[in-house]
Amino acid sequence: ACVTVALESYNASGAAAWVSVDGGTDGECVGMANNLVPALVVEALRSQMLAMEVSLAAPAEAVTLSGDILPLRTSTSVGDNALGVRNDANFAGFPARSGFAHAIEWATGRLLLLDTTLRAAAGAAEATQIMIHKACSGYTLEFGVALSNRVLSVASLPFEVTSAAPAALRVSPVPSLATAASLWPCPTPAACPSTLVVAGLYFGVTATVVDAYNNTVVNVNGSIAAILGGSTAAVYGAPGQGLAVVNGAVDLQLRISLAAAGYIVDYEHFPLRLTARSQAFSVVASPLARMVVSDAALRLPVEAGVPISPPPYVTLFDAYGNPVLEPLSVETSLVNFPGALLNQTRVSASLGAAVFPGLRIQRAASAFSLLFLADGVVATSLPFEVVHASAASALVLTLARRPAAAVATEPFTIQPRLRLRDRFGNPALSSLGFIAVTAPSLAGSLSAPLIQGVASFTDLVMPTPGGVDLYFTLEEHPSVNASVRIDVRAPLAGLRLLQQPVSTMASICMRPVPLVQLVDAAGLPVDFSRHVVKVDFAVNTFRYTQTFSCGSGGCTASTTFRYFLPAGSVLVDAFLDVDIIKSDFDDSAEEYVDFIQVNGLPTSHAPFPPGSADQCSSYHKAVDALRVSTLAQDNFLSVAAKISPAVNDFCVPRLSARAVIFGSYRPYAAETLTLVQNQNGKGIAGATALTAVGRTVAFREMAMPVAGYGYRLRFSVDAPGVASVESAPFDIFAVASSVMFTTQPGEAIAQEPLRIQPIVRFLDGLSNLVTSFEENVTISIDLAQNWDDSCNVLGCWRDLTGANR
């Protein structure tokens, strides 16, 4: 009453049961109907030969470690990186972040293999040849029968399919896998671009042990090794020794330092001896780490302005010595002078090298160095030298010092100096040539050597005045030349005294100073002469002293002066002094000078002044400057005297007398030494030769060391045709050596001027009066004794030392 069962035709091969439950509300009926349905179905199946389809309840999914679902047939999981066929699998420098991973690929076709259609027999169907070739957990089989308008199905409990026995070694396509491995099928070669590995950086490779159906064998043990066959490059991470397999796979971190093409890595599982081989791949250089400079051309001096040949270049290397083949931009400059390097200073590297053709430097100097810069890497060349350009077309001759201040017949005051440079302004320091100069009638050294690029002339002379052009040429290259015009003044013809030497004291510089002017034939000043003006005696002086042989009994004696002038000289003037010591000649004495004769001729003499006794160191001039020029012309003079005896015993000796002849003469040859007895020929003090530096020469330090009368100085130049000039006569007085009273002070009243004022005169060592030509002369008068009324009742004289007298 509750259940209606109907069998309906399903198809030609059989029928299926269509079970329906009548509607009703009776709970018992409903429960009964539900319990009867399976039985009714089974009964229907048993009574009919119906077909049953078996399928997997849900397709399995490949899931990465990060949980991402990979579509079947299109992707591979390596670590946390999902790679497709269009990816360039280069893991250099990017190792997998997970500890290890292995590849999972699902093949096309069915996972449930063999016959999946069962035939019911006697109401039951048994599956005996169903096989699943992909290991996975959570499989569920579903059995279903299609009826006319319904599908009846039932599902199995979940179950797991494990991998089969190890059958192969599969390696992730990093850097590449052989096509024979068939784990990375490439529909076209362009779909699988070649992989590049960077030298010295790690790249990851995952090796997995799989069964015949490409399932990972997670329970396998052993190790997997990566071996670089046929190459000497080092493999890091697994150098010939295996790494332990964990869950059927191992993550190898490899590194190759030598960049090259055609690398092949072999992988092997021990002890299963499962192997895999990579395709050939290339290892490229790592980033630029150093540059090597090729500077063979810089070992010799480089010529300014000329391209450096052969061109300098740098070779680019990574940290492992591999040439860096990238077209990097390389720039060069000079370390010392960045802007002095010309031409193309930035180039792109090609095949691991950057060549700089046409580089040139216009500045000459030493210790240059090229600096190369690329991607932050710096390299420098060895120091080198840049010398001046040597080609004649590149040389320039210039005047470093123009000739000037030229006077005819004299070397130019400013001689020309020339400098050889190249067209860039560099001195031609290494040139060893000569510079020649030409001009009409030019005299002197007409060629000068180049020394450090400079040629200096020292003695060029023009014989005639006027304007003249000087032409300078480099003898080795006459096209290198220069010229200059110079104005030559009239030659020196004579001298003119603008300030005469004046009379003064011995050893005192003359004031005003003797001033000599240089003049030409027309009497005009010559400004630029550099002649040396010398001074000597035009008229020199002489002085000789002879003593008379006298004793206490008086004397009649004579003395003779012979050859008192140099040979060949001419006497200008001569004078005679006769001096007698002041021993006991006074007012009461009868002593006197009887006579004095010169060359036998009597001569007047001066009487002794009163008060001349007991002055043993002072002389009385019996004859004072008697002119004897005519008598002494023959270089001979005799003097005779008769003196009364001296009776005073105070002086020792009691009597002494002397004759002095002095005067002036013109020397036969130039003289600069005085002719004075016992003076050893003292010369003119100060410079006696001065080089002219203008139109005048001033002898600022000139002084005469010896007293004399009638000096004349001659100023001259050692040049033919130049007239000398002679000064006017002047006298030189001796320096005072003693003082004597002409008038004694007397008739003194306290606090009143002396009625007899003192008069003194200063004498030289020969008792000659010394005349001072200085404007101011100070004479100090001190008291030798002073009266002191405190020393006793009567008072006393006290000298300046304080001693009582």
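Bear in mind that the values here come from a model prediction, so they are computed numbers and not experimental data.

**Some points on the overall build of the protein chain**
Step number 1: Per the secondary structure count, the protein chain includes one helix and 65 strands.
Step number 2: Per-residue burial for the protein chain yields a buried fraction of 40% across its 805 residues.
Step number 3: For the protein chain, the exposed area adds up to about 41400 Å²; of that, 54% sits on carbon and sulfur atoms.

**What to know about the sheet that holds strand 30 (residues 346-348)**
Step number 1: Strand order in the open sheet made by the four strands is 30-28-34-35, with antiparallel pairing throughout. Strands at the two margins of the open sheet, each flanked by one partner only, are strand 30 and strand 35 (377-380). In this sheet, adjacent strand axes meet at a mean angle of 25° when their direction is disregarded.

**Description of the environment of asparagine 426**
Step number 1: Note that asparagine 426 resides in the loop between strand 39 (417-422) and strand 40 (434-438).
Step number 2: In the structure, asparagine 426 is positioned 40 residues away from valine 386 in sequence and 10.0 Å away in space, judged by C-alpha atoms.
Step number 3: Apart from residues lying up to four places away in sequence, asparagine 426 is in contact with Ala304, Gln362, Arg363, Ala364, His388, Leu420 and Arg421.

**Examining the sheet that holds strand 25 (residues 288-294)**
Step number 1: Spatially, three strands are ordered 25-27-31 in an open sheet, and the strand pairing comes out antiparallel. Each end of this open sheet is capped by a strand with a single partner; those strands are strand 25 and strand 31 (353-355). Here the average twist between neighbouring strands, direction ignored, is 20°.
Step number 2: Pairing geometry for strand 25 and strand 27 (residues 313-318), over six bridges, is antiparallel. Bridging across to strand 27, methionine 291 finds its partner in leucine 316.

**Here's the deal with the nonpolar core**
Step number 1: The biggest cluster of nonpolar side chains holds 31 residues, and the ones touching the most others in it are Met291, Val314, Leu316, Val330 and Phe384.
Step number 2: Of all the secondary structure elements, the ones that give two or more residues to this core are strand 25, strand 27, strand 28 (329-334), strand 34 (370-374), strand 35 and strand 36 (384-387).
Step number 3: Discounting chain neighbours no more than four positions away, the residues touching valine 330 are Met291, Val314, Leu316, Thr345, Arg346, Val347, Ala349, Ala354, Phe356, Leu373 and Ala374.

**Thoughts on the side chain of asparagine 426**
Step number 1: Take asparagine 426: its relative accessible area is 6%, and that puts it in the buried class.
Step number 2: A distance of 2.9 Å separates the side chain of asparagine 426 from the backbone nitrogen of alanine 364, its partner in a polar contact.

**So, the packing of aromatic side chains**
Step number 1: Tallied over the full model, the rule gives twelve aromatic pairs.
Step number 2: On the numbers, 5.4 Å between centres and 70° between planes, the contact of phenylalanine 337 with phenylalanine 368 is edge-to-face. Here phenylalanine 337 is found in the loop between strand 28 and strand 29 (341-342), whereas its partner phenylalanine 368 is found in strand 33 (residues 365-368), with 31 residues between them in sequence.
Step number 3: With 5.7 Å between their ring centres and 55° between their planes, phenylalanine 457 and phenylalanine 472 make a pair best called tilted. Note that phenylalanine 457 is positioned in the loop between strand 42 (454-456) and strand 43 (466-474) and phenylalanine 472 in strand 43, a separation of 15 residues in sequence.

**Observations concerning the pairing of strand 18 (residues 223-228)**
The two faces of a sheet get side chains in turn, since along a regular strand they alternate between them.
Step number 1: Of all six residues in strand 18, five are buried, a share of seventy percent or more.
Step number 2: As paired elements, strand 18 and strand 22 (residues 265-270) share six bridges and run antiparallel to each other. Note on strand 22: the bridge partner recorded for isoleucine 227 is aspartate 266.

**Looking at the pairing of strand 22**
Step number 1: Two strands pair when backbone bridges link them, and strand 22 and strand 23 (residues 274-277) are joined in this way by four bridges, in the antiparallel orientation. Residue pairing in the sheet places tyrosine 267 in a bridge with alanine 276 of strand 23.
Step number 2: Counting the residues in the hairpin turn of strand 22 and strand 23 gives three residues, including arginine 273, whose phi is positive at 60°.

**Comments concerning the pattern of salt bridges**
Step number 1: Tallied over the full model, the rule gives 17 salt bridges.
Step number 2: When the shortest N-O distance is used, the salt bridge between arginine 299 and aspartate 295 registers 3.7 Å.
Step number 3: Its relative accessible area of 59% is what places arginine 299 among the exposed residues.
Step number 4: Given the relative accessible area of 9%, aspartate 295 is considered buried.

**So, the side chain of serine 529**
Step number 1: Inspection of the secondary structure assignment puts serine 529 in the loop between strand 47 (515-519) and strand 48 (532-547).
Step number 2: For serine 529, a relative accessible area of 0% corresponds to the buried category.
Step number 3: In terms of polar contacts, serine 529 uses its side chain to reach the side chain of glutamate 410, at 2.5 Å.
Step number 4: Only 3.3 Å separates the side chain of serine 529 from the backbone nitrogen of histidine 531, close enough to count as a polar contact.
Step number 5: In this structure, serine 529 is in contact with Val407, Glu410, Leu492, Leu518, Ala692 and Gly694, ignoring residues within four places of it in sequence.

**Side note on the environment of alanine 406**
Step number 1: Residue position: alanine 406 is located in strand 38 (residues 406-407).
Step number 2: Here the alpha-carbon distance between alanine 406 and arginine 489, two residues 83 residues apart in the chain, equals 6.1 Å.

**Remarks on unusual backbone geometry**
Step number 1: Looking along the chain, the bond that leaves phenylalanine 270 and enters proline 271 is cis, with omega of 10°.
Step number 2: Mapped onto the elements of the fold, proline 271 is located in the loop between strand 22 and strand 23.
Step number 3: With omega at 0°, the peptide bond leading from arginine 511 into proline 512 counts as cis.
Step number 4: Note that proline 512 resides in the loop between strand 46 (504-505) and strand 47.
Step number 5: The phi torsion at arginine 273 lies on the positive side, around 60°, for a residue other than glycine.
Step number 6: Inspection of the secondary structure puts arginine 273 in the loop between strand 22 and strand 23.

**A short note on the confidence of the model for the protein chain**
Step number 1: Confidence in the prediction of the protein chain, expressed as mean pLDDT, is 77, and 71% of residues score 70 or more.
Step number 2: Every residue in residues 1-25 is under pLDDT 50, and counting partners more than four places away or in other chains gives 52 contacts.
Step number 3: This stretch, residues 44-50, has a pLDDT under 50; its non-local contacts, to residues over four places away or in other chains, come to 21 contacts.

**Quick look at the environment of valine 437**
Step number 1: The residue valine 437 is located in strand 40 in this model.
Step number 2: Sequence separation between valine 437 and glutamate 475 is 38 residues, and the spatial gap between their C-alpha atoms is 9.7 Å.
Step number 3: With residues up to four places along the chain from it excluded, the contact list for valine 437 reads Leu442, Leu446, Phe457, Leu460, Leu470, Tyr471 and Phe472.

Cut-offs used in this document
- Residues numbered from 1 in each chain as written.
- Predicted model: local features only at pLDDT ≥ 70, side-chain atom pairs only at ≥ 80, totals over all residues.
- Heavy atoms only, no water.
- Helix = DSSP H or I, 4+ residues; strand = E, 2+ residues; numbered from the N terminus.
- Buried < 20%, exposed > 50% of the residue type's maximum accessible area, 1.4 Å probe, protein only.
- Areas by Shrake-Rupley, 256 points an atom, 1.4 Å probe, with all protein chains shown as cover.
- Pairing = 2+ DSSP bridges.
- Axes fitted to C-alpha atoms, helices over the stretch in contact; angles between N-to-C directions.
- Contact = heavy atoms within 4.5 Å.
- Core = buried A, V, L, I, M, F, W, Y, C linked by side-chain atoms within 4.5 Å.
- Polar contact = N/O pair within 3.5 Å; in protein donor to acceptor, adjacent residues only side chain to side chain.
- Phe/Tyr/Trp six-rings, centres within 6.5 Å; stacked < 30°, edge-to-face > 60°.
- Salt bridge = Lys/Arg side-chain N within 4 Å of Asp/Glu carboxyl O.
- pLDDT = per-residue confidence, 0-100.

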